[in-house]
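Overview (structure and organization)
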2 protein chains.
Amino acid sequence: MAEWTLYEGDCIEVMKGLPEGSVDSVVTSPPYAMQRAKLYGGVPEAEYPAWTVAWMEQVRRILKPHGSVLINIREHIRNGEMSDYVHRTRLALREAGWIECDELIWMKPDAPPVGHPKRPRRSWERILWFAKDQQPYCDPKANGRFSDRIGVSLAGEGFKKWLAGASDLRSGIARCRDWVAVSPSQTDSRGHPAAYPRDLAAWMIRLITPPGGTVLDPFSGSGTTLLAAIQEGFSCIGIEKEPEYCEVIRKRMAELQPALPLAK
Amino acid sequence: MAEWTLYEGDCIEVMKGLPEGSVDSVVTSPPYAMQRAKLYGGVPEAEYPAWTVAWMEQVRRILKPHGSVLINIREHIRNGEMSDYVHRTRLALREAGWIECDELIWMKPDAPPVGHPKRPRRSWERILWFAKDQQPYCDPKANGRFSDRIGVSLAGEGFKKWLAGASDLRSGIARCRDWVAVSPSQTDSRGHPAAYPRDLAAWMIRLITPPGGTVLDPFSGSGTTLLAAIQEGFSCIGIEKEPEYCEVIRKRMAELQPALPLAK
DNA sequence: ATGAGGAATGAATCCCCAC
DNA sequence: GGTGGGGATTCATTCCTCA
């Protein structure tokens, strides 16, 4: 039976109290350095690699041997130059013994046109994929029966051709691609400034979590990961530092299906 | 008048002989470490960052001050782990004084279902973007598409500029996104094992090359960059080490438009 | 109901101007 | 001069109002 638990507190401290090997996968979107620091606290760029290694060190303990971690992030641009903290963080995680499996891409077909007007619109984000060993659990067919383009209106020539060329949609279930298109406008942010869409979370969860498994999100925010996990039939452990967002999560989960066993 | 030149030889040696500031942009797809070493020589992963810094050092001399470089590449996966040489190469180029502007993505909607069957199909590649300064030439509207939303909300300054007839307002062209979808099946490889499609090259060239400017491709391969540049009205300098591929390029360019002035 | 049209806004980024 | 706050810019989408 799919169950969920929410812990209020700093994720490193909370994870220290969780039992070894209790989690099948981690799906999360940590703070993007100082991008929204005033709203929910941020991590300085210089400290970002070490900070990530620190919370991932706790993840290592509670993650099962073939479990893996998907991290949604993208560096910002300042004065025309891309920040390098994500590069440095990836190398630091490798240095710390994590296996970098691959990088997946979240495409945002209708991302807001904000940003530098003399540059292309920033319309994708990274999904970093790290594991404890080189053969983590992964079921690329779990997403194979879904369209690569979730929640996107199928208007425009390019999109039609795209679908027409998708031979894998005809021959039964095929492997998913290493990118997924999800409209950010589907995001139900509930006041959280940095939420991601439910369908993106569901895609990530299905990819690396065995049936009936337990997902962890150490930076739960408005709780999208928990919501998607339960809806997809997985269990989920959420951790969130801000009491205000914890309240949002409890409310959102209660709305979802009041008949389910609630928080413990 | 758009012209093209092809040099046969090692790109570092050839570039040493090219005049300073003679090139507006660089668009290329260098060898991917040892991926196809047997076919056209490869660069060991350990040496890849230094090797890239070395050829980019020559690029620096011949590139104009506001010129920039687009590099198509993606690391391979071996034994379930992604190679780290691209991460290290990016940091090495930054260390060498290059400004990393951003990363663009080439999406391949119908990439062949090769690769590990227990992993998502690899269907995108990176386009690294490096420049000499923080404000390289970039025209995101060159690849843009019509939008009827441009300049809809004209408040304050914008309204005044619109009254004054500012041409960049209400132009009807929305800027391009930072990814581009091009089918790899459009590739005309002419026997070259690592060619990229013409439309991808054209997109990259238009983004960072001023009208009538000159593009350089130090790893010309089957000549797709040269072909796309000429077709789009730019001049182009190609460099290719293998005589066999130089012959392919000459033939392809001759097919394109025999009336144009040919190789010198 | 239905549709046309305006307002608000979205993990942005830059420029300008106080301190 | 470095730093930090405020305003302008940008366009797809949703939501709301009103004919």
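The following refers to the structure shown. This is a predicted model, so every value here is computed, not measured. (Residues numbered from 1 in each chain as written. Chains lettered and ligands numbered in written order. Predicted model: local features only at pLDDT ≥ 70, side-chain atom pairs only at ≥ 80, totals over all residues. Heavy atoms only, no water.)

We now examine the overall build of chain A. Assigned secondary structure in chain A consists of 8 helices and 11 strands. Contacts in chain A between residues far apart in sequence, at least 24 positions, make up 75% of those at least 6 positions apart. Taken as a whole, chain A presents about 10,400 Å² of accessible surface, with 54% of it coming from carbon and sulfur. (Helix = DSSP H or I, 4+ residues; strand = E, 2+ residues; numbered from the N terminus. Contact = heavy atoms within 4.5 Å. Areas by Shrake-Rupley, 256 points an atom, 1.4 Å probe, with all protein chains shown as cover.)

Attention shifts here to the relation of the copies chain A and chain B. Each of the two copies of the chain can be brought onto the other by a rotation about an axis and a shift along it. Superposing chain A onto chain B requires a rotation of 179° together with a translation of 0.1 Å along the rotation axis, leaving an RMSD of 2.4 Å. On this basis, the relationship between the two copies can be described by a two-fold rotation axis. (Least-squares fit on C-alpha atoms with pLDDT ≥ 70 in both.)

Here we take up the pairing of strand β3 (residues 63-73) of chain B. In summary, the side chains of a regular strand alternate between the two faces of the sheet. Residues and elements named next belong to chain B. Across the 11 residues of β3, 8 count as buried, placing the element largely inside the fold. Relative to β3, strand β2 (residues 23-28) runs parallel, the two being bridged by 5 bridges. The partner of S25 across the bridge, within β3, is S68. Bridging between β3 and strand β7 (residues 124-131) involves 6 bridges; their strand directions are antiparallel. Each residue of the ladder has a partner; that of N72, found in β7, is I127. (Buried < 20%, exposed > 50% of the residue type's maximum accessible area, 1.4 Å probe, protein only. Pairing = 2+ DSSP bridges.)

Residue and element names in this part refer to chain A. Within the structure, DNA strand C sits among 20 residues, and R36, N79, G80, V114 and G115 are positioned closest to it. Among all atoms of DNA strand C positioned within 4 Å of the protein, those belonging to sugar or phosphate total 53%. Between DNA strand C and R122, the relevant distance is 3.0 Å, taken from a phosphate oxygen to a side-chain nitrogen or oxygen of the residue. Looking at the surface near DNA strand C residue by residue, the classes come out as 10 nonpolar, 7 polar and 3 charged. (Near = heavy atom within 4 Å. Polar contact = N/O pair within 3.5 Å; in protein donor to acceptor, adjacent residues only side chain to side chain. Nonpolar A, V, L, I, M, F, W, Y, C, P; charged D, E, K, R; others polar.)

Residue-level contacts link 50 residues of chain A with 50 residues of chain B. Both sides together, the interface formed by chain A and chain B hides about 4,500 Å², and carbon and sulfur atoms give 50% of it. When residues of chain A are sorted by the area they lose upon contact with chain B, P120, R121 and R175 of chain A head the list and together hold 15% of the total. At the junction of chain A with chain B, the criterion picks out 10 salt bridges. Ionic pairing is found between E81 of chain B and R94 of chain A, a salt bridge with its closest N-O pair at 3.6 Å. For the interface between chain A and chain B, the tally reads 41 residue pairs in polar contact (both at pLDDT 80 or more). Counting residues per element, the ones that place at least two in the side of chain A that touches chain B are β5 (81-82), α4 (85-95), β6 (99-107) and β7 (124-131) of chain A. (Buried area = accessible area lost by both parts, 1.4 Å probe. Salt bridge = Lys/Arg side-chain N within 4 Å of Asp/Glu carboxyl O.)

A word on the packing of helix α3 (residues 48-62) of chain A against α4 of chain A. Residues and elements named next belong to chain A. The interhelical angle for the contact between α3 and α4, taken along N-to-C directions, is 40°, at an axis separation of 8 Å. Classified by the angle between their axes, α3 and α4 sit oblique to one another. Pair α3 / α4 crosses with right-handed handedness. Note on element contacts: α4 touches α3 through Y85, R88, T89, A92 and L93, opposite Y48, P49, T52, V53 and M56. Grouping the amino acids of the contact of α3 with α4 by side-chain chemistry returns 7 nonpolar, 2 polar and 1 charged. (Axes fitted to C-alpha atoms, helices over the stretch in contact; angles between N-to-C directions. Parallel < 35°, antiparallel > 145°, perpendicular 65-115°, else oblique. Left-handed = near helix turned anticlockwise from the far one by under 90°.)

Before going further, it helps to examine the sheet that holds strand β1 (residues 4-8) of chain B. All names here are of chain B. Taken together, the 8 strands give an open sheet; going across it, the order is β1-β12-β11-β2-β3-β7-β6-β10, and neighbouring strands pair in mixed fashion. Looking at strand neighbours, the two that pair on one side only are β1 and β10 (179-181), the edges of this open sheet. Here the average twist between neighbouring strands, direction ignored, is 20°. Direction of pairing for strand β11 (residues 214-217) relative to strand β12 (residues 235-240): parallel, over a ladder of 4 bridges. Its bridge partner being in β12, V215 is matched across the sheet by C236. Docked against the sheet, helix α7 (residues 224-231) engages β1, β2, β11 and β12, running at close to 175° with respect to β12.

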